[in-house]
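# Descriptive analysis of the structure
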Amino acid sequence: MSDLTIPERAFLSLKWLGLQEARQGNREPLARAVIGVLVVATLAIMLASLATGPIAVPVLELLPHVPAYFLSALEGAPEGVTLRDWIVVMEIRLPRVVLGALVGAALAVSGAVMQGLFRNPLADPGIIGVSAGAGFGAALFIVLGNAALAPLMALFGIYAVPLAAFAGGLITTLLLYRIGTRSGITSVATLLLAGIALGALTGAMTGLLVYVADDQQLRDLQFWGLGSLAGSNWDKVLSAAPIILAMLLGVPFLSRGLNALTLGEAAAAHVGIRVQRLKNISILLVAAATGASVAVSGGIGFVGIVVPHLLRLTMGPDHRYLLPASALLGACLLIAADTLARTIVAPAEMPIGIITAFAGAPFFLWILLRRRGLTGL
């Protein structure tokens with residue numbers, strides 16, 4: 001095979017993949033069934049989350065009036081519904097559920113794209129340092145907002161910290177892209193190593209801010225670092241939704257390229273994939289969605305690792321189905337984790353990152369042990 005040209009090797013690789021798929025059976029019906037189940041599960045978990053809390057509300061009676069609420073055709077509570085129940089659902093719980101679905105979908109799909117791009121099931125949105133950069137931006141405004149950055153805090157108000165987080169993630173991405181790109185070609189290996197280095201650097205700078213923070217700032221930093229959807233409102237939803245939805249609508253067009261990339265960059269290029277453009281678009285979409293997610297929810301780990309890998313084991317690696325399934329399962333997981341976070345220690349609230357870490361860390365170790373068993377390392 002060493003005497004074959006690259007196009008010939010690409011052709012034989014595609015043929016081999018086709019034979020393997022034929023031997024394993026066609027997983028498309030299973031993938032479609034999984035997506036259908038996830039759609040139903042997502043709706044069910046959203047309804048359960050809306051109904052769960054210290055105040056019992058008739059969610060099913062309120063749902064028919066939701067469109068009128070968004071169209072501003074309804075003033076006050078609808079007939080037959082108390083104002084208290086209406087406010088609890090529409091102003092407190094519903095924006096929180098919607099934001100949880102958006103963030104969960106963004107993190108899970110980002111993980112699936114990163115794993116396809118790096119051809120590594122252990123890849124994660126944080127692997128390119130975007131989460132760490134966004135966290136540093138938020139920490140900077142939390143600690144220095146009332147002193148050196150007071151004018152900016154006064155200018156942006158409650159949006160200062162989310163905007164700082166988004167800016168931190170964006171600046172980190174631009175630095176990574178500048179470091180990893182040479183002569184118009186982006187090296188995935190250089191990008192990965194640079195992401196680790198910048199993540200460590202921004203983590204150290206965040207640690208320095210923690211060192212000089214007061215007690216109240218330390219509590220804010222701890223809650224932000226572990227992730228939370230507390231304080232969710234429609235303004236936060238509207239600030240993150242356009243970026244996250246643009247990413248979720250854009251990634252399906254990358255499916256063919258990510259599938260071909262499993263053969264290697266050279267082989268993918270010879271079957272018609274513009275590899276460099278695929279890298280650029282993937283990295284920018286992931287950076288934007290991850291930065292927007294961290295800006296409104298803080299750092300939430302393991303969603304980007306657990307969800308795509310679990311789905312690969314269930315329905316196969318075809319990104320045409322893996323990406324939408326990841327969005328749905330990510331939304332389910334984060335809404336369920338948030339519901340548990342706000343009820344398990346009520347009336348207090350537990351950061352979501354603790355719950356996702358408890359669920360994700362053992363799964364991550366299992367992936368490592370499984371890969372060691374397969375590779376013999």
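A few words on the overall build of the protein. Along its length, the protein carries 17 helices and 2 strands. At a minimum sequence separation of 6, the contacts of the protein that also span at least 24 residues come to 75%. As presented, the protein carries roughly 18,500 Å² of accessible surface, and 69% of it is formed by carbon and sulfur atoms.

Okay, the packing of aromatic side chains next. Tallying each qualifying case throughout the model produces 3 aromatic pairs. Here Y69 and F70 contribute two aromatic rings whose centre-to-centre distance is 5.3 Å and whose plane-to-plane angle is 80°, an arrangement assigned as edge-to-face. Ring geometry for F70 versus W234: centroids 5.2 Å apart, planes at 85°, classification edge-to-face. Of this pair, F70 sits in helix α4 (residues 66-70) while W234 is found in helix α11 (residues 234-250), placing the two residues 164 residues apart along the sequence. Members of the aromatic cluster, joined through ring pairs, are Y69, F70, W86 and W234.

A separate point is helix α2 (residues 28-51). Because each turn of an α-helix spans 3.6 residues, side chains separated by three or four positions end up pointing in the same direction. Spanning 24 residues, α2 covers 35 Å between terminal C-alpha atoms, matching the ideal 34 Å at 1.5 Å per step. Residues of α2 that are buried: A31, V34, I35, L38, T42, S49 and L50. Of the surrounding elements, those touching the buried residues of α2 are α3 (59-62), α5 (83-118), α15 (303-315) and α16 (319-341).

To continue, consider the pattern of salt bridges. Side-chain pairing between opposite charges can occur once the charged atoms of the two side chains come close. Counting across every chain of the model gives 7 salt bridges. Among the ionic pairs, R32 bridges to E28, the shortest N-O distance being 3.2 Å. Of this pair, R32 and E28 both sit in helix α2, 4 residues apart, roughly one helical turn. Residue classification places R32 among the partly exposed residues on the basis of a relative accessible area of 47%. Residue R84 pairs with D85 through a salt bridge whose shortest N-O separation is 3.1 Å. The class of R84 is partly exposed, set by a relative accessible area of 48%. Through salt bridges that share partners, E28, R32, D318 and R320 make up one connected network.

Once that is clear, we can look at the nonpolar core. Counting 81 residues, the largest nonpolar core has V109, V251 and L311 as its most contacted members. A per-element tally of this core places α5 first, with 20 residues. What V109 contacts, discounting residues up to four positions off in sequence, is M247, L248, V251, L323, S326 and A327.

Here we come to the side chain of H319. With respect to the helices and strands, H319 occurs in helix α16. Classification of H319 as buried rests on a relative accessible area of 1%. Beyond its immediate chain neighbours, meaning those up to four positions away, H319 contacts A112, G116, S255, L258, N259, R312 and P324.

Turning to a nonpolar patch on the surface, a few remarks are in order. Together, L47, L60 and L63 line one region of the surface with nonpolar side chains, adding up to about 260 Å² of accessible area. With respect to the element layout, L63 can be found in the loop between α3 and α4. Among the residues examined, L63 registers a relative accessible area of 33% and is labelled partly exposed.

Here helix α8 (residues 160-180) contains 21 residues, and its C-alpha end-to-end distance of 30 Å stays within 8% of the 30 Å for a straight helix at 1.5 Å per residue. Burial in α8 covers these residues: A160, V161, P162, A164, A165, G168, G169, T172, T173, L176 and G180.

Our focus in this paragraph is the confidence of the model for the protein. With 88% of its residues at a pLDDT of 70 or more, the protein has an overall mean of 81. Taken element by element, the predicted model of the protein shows its lowest mean pLDDT in helix α1 (residues 6-24) (46) and its highest in α16 (94). Segment residues 10-24 is flagged for pLDDT under 50; beyond a separation of four residues in sequence, or across chains, it makes 10 contacts in the model.

A separate point is the packing of α2 against α15. Remark: α2 packs on α15, axes separated minimally by 9 Å, with the N-to-C direction vectors making an angle of 135°. It follows that α2 is oblique to α15 by the angle criterion. Between α2, through L30, A31, V34 and L38, and α15, the contact on the second element is made entirely by L311, T314 and M315. For the contact of α2 with α15, the class distribution of residues is 6 nonpolar, 1 polar and no charged.

About the cut-offs
- Residue indices begin from 1 for each chain and proceed along its sequence in written order.
- Note on the predicted model: pLDDT of at least 70 is required for a residue's local features to be given, and 80 or more for side-chain atom pairs to be given and counted; whole-chain, interface and lining totals, by contrast, use all residues.
- Hydrogens and water are ignored here; the side-chain numbers use all heavy atoms of the structure.
- For helices the rule is a DSSP run of H or I covering at least 4 residues; for strands it is a run of E covering at least 2, with both sets numbered from the N terminus onward.
- In this analysis, two residues are considered to be in contact whenever any of their non-hydrogen atoms come within 4.5 Å of each other.
- For every accessible area listed, the method is Shrake-Rupley and the probe measures 1.4 Å; residues are considered covered only by the protein chains on display.
- In summary, the pairing rule links any two rings of Phe, Tyr or Trp, Trp by its six-membered ring, whose centres are within 6.5 Å, and it sorts them by plane angle into stacked for under 30 degrees, edge-to-face for over 60 and tilted for everything else.
- Helix span is expected to be 1.5 Å times the residue number reduced by one.
- Throughout this description, buried means an accessible area under 20% of the type-specific maximum (1.4 Å probe, protein chains only), exposed means over 50%, and partly exposed covers the range between.
- By definition, a salt bridge exists where a carboxyl oxygen of Asp or Glu is found within 4 Å of a side-chain nitrogen of Lys or Arg.
- Nonpolar cores are built from buried Ala, Val, Leu, Ile, Met, Phe, Trp, Tyr and Cys residues. Side-chain atoms within 4.5 Å join them into one set.
- Patch construction takes residues with relative accessible area above 30% that form no salt bridge. Like charges are linked within 9 Å, and nonpolar side chains (Val, Leu, Ile, Met, Phe, Trp, Tyr) are linked within 5 Å.
- Along the chain, pLDDT gives the predictor's confidence residue by residue, from 0 to 100.
- Between N-to-C directions, angles span 0 to 180 degrees; the directions come from axes that are lines fitted to C-alpha atoms, helices contributing only their stretch in contact.
- Every angle not falling under 35 degrees, over 145, or within 65 to 115 is termed oblique; those three ranges are roughly parallel, roughly antiparallel and roughly perpendicular.
- Residue polarity follows a fixed list, in which Ala, Val, Leu, Ile, Met, Phe, Trp, Tyr, Cys and Pro are nonpolar, Asp, Glu, Lys and Arg are charged, and the others, Gly among them, are polar.

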